[in-house]
Amino acid sequence: MKTTFLYKSDPARGRLWAEVFRRRAPDIDFRIWPDIGDPAQVRFLAAWEPPDDLATRFPNLQVLFSSGAGVDQFDFASLPPALPVVRMVEPGIVRGMVEYVTHAVLGLHRDMPQYRRQQQEGLWKPLPVRTARERCVGVLGLGSLGQAVLEQLVALGFDCAGWSRSRHEVAGVQCHAGADELPAFLARTGILVCLLPLTDSTRGFLDARLFSQLPEGAGLVHVGRGPQLVDADLLAALESGRIGDAVLDVTDPEPLPPEHAFWRHPRIHLTPHIASMTQPLSAAEVVLDNLECFEAGKPMLGLVDRARGY
Ligand code: NDP
Ligand code: OXD
């Protein structure tokens, strides 16, 4: 029986995946939703949002690939319990995140939001210049994105720290692990970057208690997921001066309703969830590498631990 790889996400990007599959794996029948062909032939599905009836519709499905880095959009309970789920780890999405976070951190470090406000007031007022070495940047999440971002920030000379669930070693970075080491990590962090996945343990994580442990005037770059941030607590932290400026690429919901306070807040800088995106050509190559691993019984890159939720 022929194998179908079904792609259910943006069709224009899917056509670029198809080119790579045609060249590298001509025996695989690559199809773009809703052109599913024979459902019994579908062994692999790449989706942002899989169909609700996935288990009954594709009885021979063997791997579910997320078309993005996050998997919080999946309802794990509705998926067949033994179905492997793989998140996107590919050079294009990593590069995009490195660019976005580096831009945001440099902007906060060099007081760009403040200069924009001063310009609006017609105010010519130089602020003290600090070198990167004098600024501590702390990254929440030391996964494929957090580590790549830190590598760039270390190269720029920032004093870098990271925090994750389990212990990691990252060159040039002071790594902290677990709840016990969170206070020390926060106390030294002048610019906080959130690159945590959304799970039951990270929902509402960026709250008043966490902000209160940061130094006065800290910057926030939030590129994880909107529900990790308690909006009212951020507004209060901005009001009190605990947070100086916040760069938010993710919100809850997306987009925010027109009346939401974030839209017009002078110290909140919004982008519409564009920090990074899966790049179709490099993503298809990585997925094909993973299919080879799967067929050979080897571990796949980005395999999700369903019990942990990431
Ligand atoms: P990974 O799964 O590779 O890394 C996640 C990291 O978070 C790991 O270091 C993990 O710790 C840590 N972590 C998870 N839960 C906890 C916890 N409860 N306490 C402490 N640490 C925790 O993910 P990626 O780096 O690939 O991606 C991170 C997130 O970035 C995605 O899930 C997505 O939400 C977001 N994203 C946003 C984009 C945007 O455009 N805004 C684009 C792409 C991704 P450990 O290493 O110990 O397991
Ligand atoms: C992702 C995203 O998870 O774009 O890939 O947020």
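Before reading on, note that the structure itself is shown above.
Residues numbered from 1 in each chain as written. Chains lettered and ligands numbered in written order. Predicted model: local features only at pLDDT ≥ 70, side-chain atom pairs only at ≥ 80, totals over all residues. Heavy atoms only, no water.

1. Some details on unusual backbone geometry
Thought 1: Backbone torsion omega between Trp33 and Pro34 reads 10°, so that peptide bond is classified as cis.
Thought 2: For Asp111, which is not glycine, the phi torsion reads 60° and is therefore positive.
Thought 3: For Asp111, a relative accessible area of 23% translates into the label partly exposed. (Buried < 20%, exposed > 50% of the residue type's maximum accessible area, 1.4 Å probe, protein only.)

2. Quick notes on the pairing of strand β4 (residues 63-66)
Thought 1: Side chains Val63 and Phe65 project from β4 onto one buried face, and the interleaved Leu64 and Ser66 project onto a second face that is buried too.
Thought 2: In the sheet, strand β3 (residues 42-47) pairs with β4 via four bridges, with the strands oriented parallel. Looking at the pairing, Ala46 lines up with Phe65 of β4.
Thought 3: Where β4 meets strand β5 (residues 85-86), two bridges bridge the pair, whose relative direction is parallel. Bridged to Phe65 within β5 is Val86. (Helix = DSSP H or I, 4+ residues; strand = E, 2+ residues; numbered from the N terminus. Pairing = 2+ DSSP bridges.)

3. Considering the sheet that holds strand β6 (residues 136-140)
Thought 1: Reading across from one edge, β8-β7-β6-β9-β10-β11-β12 is the order of the seven strands in this open sheet, with parallel pairing throughout. Two strands lie at the open edges of the sheet, namely β8 (173-177) and β12 (268-270), each paired on one side alone. On average, adjacent strands in this sheet sit at an angle of 15° to one another, irrespective of strand direction.
Thought 2: By the bridge criterion, four bridges tie β6 to strand β9 (residues 191-194) in an arrangement that is parallel. (Axes fitted to C-alpha atoms, helices over the stretch in contact; angles between N-to-C directions.)

4. Considerations on the pattern of salt bridges
Thought 1: Under the criterion given, the structure shown has 16 salt bridges.
Thought 2: For Arg117, the salt bridge identified is with Asp245, shortest N-O distance 2.8 Å. Of the two residues, Arg117 sits in helix α4 (residues 112-120) while Asp245 sits in strand β11 (residues 243-248), which places them 128 residues apart along the sequence.
Thought 3: Residue Asp245 is classed as buried on the basis of its relative accessible area, which comes to 10%.
Thought 4: Here the salt bridges do not stand alone but share partners, grouping Arg23, Arg24, Glu285, Asp289 and Glu292 into one network. (Salt bridge = Lys/Arg side-chain N within 4 Å of Asp/Glu carboxyl O.)

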